[in-house]
Amino acid sequence: MFRRTASPSRLTPGIATALIAASVLTGCAQAAQPTQPPAVASATPAAPAATEPTTAGATPSTPAPTGFAALFPEGAKVELLFDNVGFTEGPLWLPDGRLIFSRMSDNIVAVVGDDGSLSDYLNPSNGANGHAFDWNGNILQAEHSGRVTRLEADGTVTVLAESFEGKRLNSPNDLVVRSDGTVFFTDPTFGLNGRENEIGFQGVYRLDPATQTLTALIRDLPMPNGIGLSPDESTLYVSDTTLAQVFAFPLNADGTVGERRALGPGIDGLLVDSEGRIWSSAPDGVHVLTPDGEDLGLIALSQGATNVGLGGADGRRLFITTSTGLYAIDTLVVEAAPGH
Ligand code: MG
């Protein structure tokens, strides 16, 4: 089940930099300006620097970045790590310093070693798409086969959910795990592959970890996809591919969700950082949204983003999956609940 193969198409950093020359970071207030230089740009005009008392002859210090630019170290660039690996999804940083991601086109979960090599982690993967850790350190998978599964340390695959009210799930796409172990996942139809939509809607579900009871929380989104939780777990975020929006749903004490609120661009995977910002996959790259719906800025890509995950030794490196590759950029943020 865990089989290693030769690396198909790793790019050297130099080549990668050349190939992503068009990829830039832009504050959204300036994104429409074609002359925007390829550098971290603030979404809003920088506040005037405070006048500080200086001694004669001293050089005034450079004002610290604010807004969107403050989310990245100076000089941060988008790097293309792998190209020609098909449609990728589900990036998840492992505690041992490796990164797994789903190579959807090849039915493989791939792993990037700590030496940068690419090999297979799970082959075949049964259509594994999104990944998240449960709170016991196991990897959970949303599978296009119609299941949500848990990968045990010995390679055993345990099915957590595969049907709702006796009908087969469509094609679970992505998932998030609350601190009490509750799993929330989306179930659009992208992976039906000719199968009938038995349930008749594209739901967002809550899976109770103790009873394995499945509850359909949301039934009226046309194509729910990415999913995440606010740091205080009071809000569930869901992106919908058809509506191309991220929506915020208040999570009620009785387990239901309240009325949805549109936040901003989003068609696929998302994550929430420790300050509550939502990093959202979109056709033009990754947007960073506030819980109030302000679009702080864009990590521009030449192809649509499909999912995001934070990792690296300090948890601040953002990995971005796309329609053909895997990208990364260093940030100054960490995930609210890393890997969950
Ligand atoms: Mg997805």
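Keep in mind it's a predicted model, so treat the numbers as computed, not measured.

Peer 1: Can you break down the coordination of the magnesium ion residue by residue, with the values?
Peer 2: For the magnesium ion, the protein coordination sphere consists of Glu89 (OE), Asn173 (OD1), Asn225 (OD1) and Asp268 (OD), at 2.1 to 2.4 Å. The sequence pattern describing where the donors of the magnesium ion fall on their chain is E-x83-N-x51-N-x42-D. Of this pair, Glu89 sits in strand S3 (residues 88-93) while Asn173 sits in the loop between strand S12 (167-168) and strand S13 (175-177), and the two are 84 residues apart along the sequence.

Peer 1: I'd like to hear about the sheet that holds strand S8 (residues 139-143), residue by residue, with values.
Peer 2: Strands pair in a sheet through their backbones, by hydrogen bonds, and they do so in one of two ways: parallel or antiparallel. Across the sheet, four strands lie side by side as S7-S8-S9-S10; this open sheet has antiparallel pairing. Edge positions in the sheet fall to strand S7 (128-133) and strand S10 (157-161), since each has one partner strand and no second. With direction set aside, neighbouring strand axes in the sheet form an average angle of 30°. Here S8 pairs with strand S9 (residues 147-151) via five bridges, running antiparallel. Looking at the pairing, Ala142 lines up with Val148 of S9.

Peer 1: Pulling in residues and values, what's your account of the pattern of salt bridges?
Peer 2: Taken as a whole, this structure holds nine salt bridges when the rule is applied. A salt bridge links Glu143 to Arg147, with the shortest nitrogen-to-oxygen separation between them at 2.8 Å. For Glu143, a relative accessible area of 1% gives the class buried. With its nearest N and O atoms 3.0 Å apart, the salt bridge here joins Asp180 to Arg178. When its relative accessible area of 45% is taken as the criterion, Asp180 is described as partly exposed. Each of the salt bridges in this network shares a partner with another, and the network as a whole consists of Glu79, Arg317 and Asp330.

Parameters at a glance
Within each chain, residue numbers correspond to sequence positions counted from 1 in written order. Reporting in this predicted model follows two pLDDT cut-offs: at least 70 for local features of residues, and 80 or more for side-chain atom pairs to be given and counted; totals over whole chains, interfaces and linings ignore these cut-offs and use all residues. To obtain the side-chain values, all non-hydrogen atoms of the structure were used and water was disregarded. In this analysis a donor is any N, O or S atom within 2.8 Å of a metal ion (3.2 Å for sodium, potassium and calcium), and since water is not included, sites may seem incomplete. In DSSP terms, a helix is any run of H or I states spanning at least four residues, a strand is any run of E spanning at least two, and both are numbered starting from the N terminus. Two strands form a pair only when DSSP identifies at least two bridges running between them. Every axis in this analysis is a line fitted to C-alpha atoms, fitted for helices over the stretch in contact. Angles between the N-to-C directions lie between 0 and 180 degrees. Each salt bridge in this description consists of a side-chain nitrogen of Lys or Arg and a carboxyl oxygen of Asp or Glu lying within 4 Å of one another. Exposure categories follow from relative accessible area, calculated using a 1.4 Å probe and restricted to protein chains: below 20% of the type maximum is buried, above 50% is exposed, and the middle band is partly exposed.

So yeah, pure geometry; function would need other evidence.
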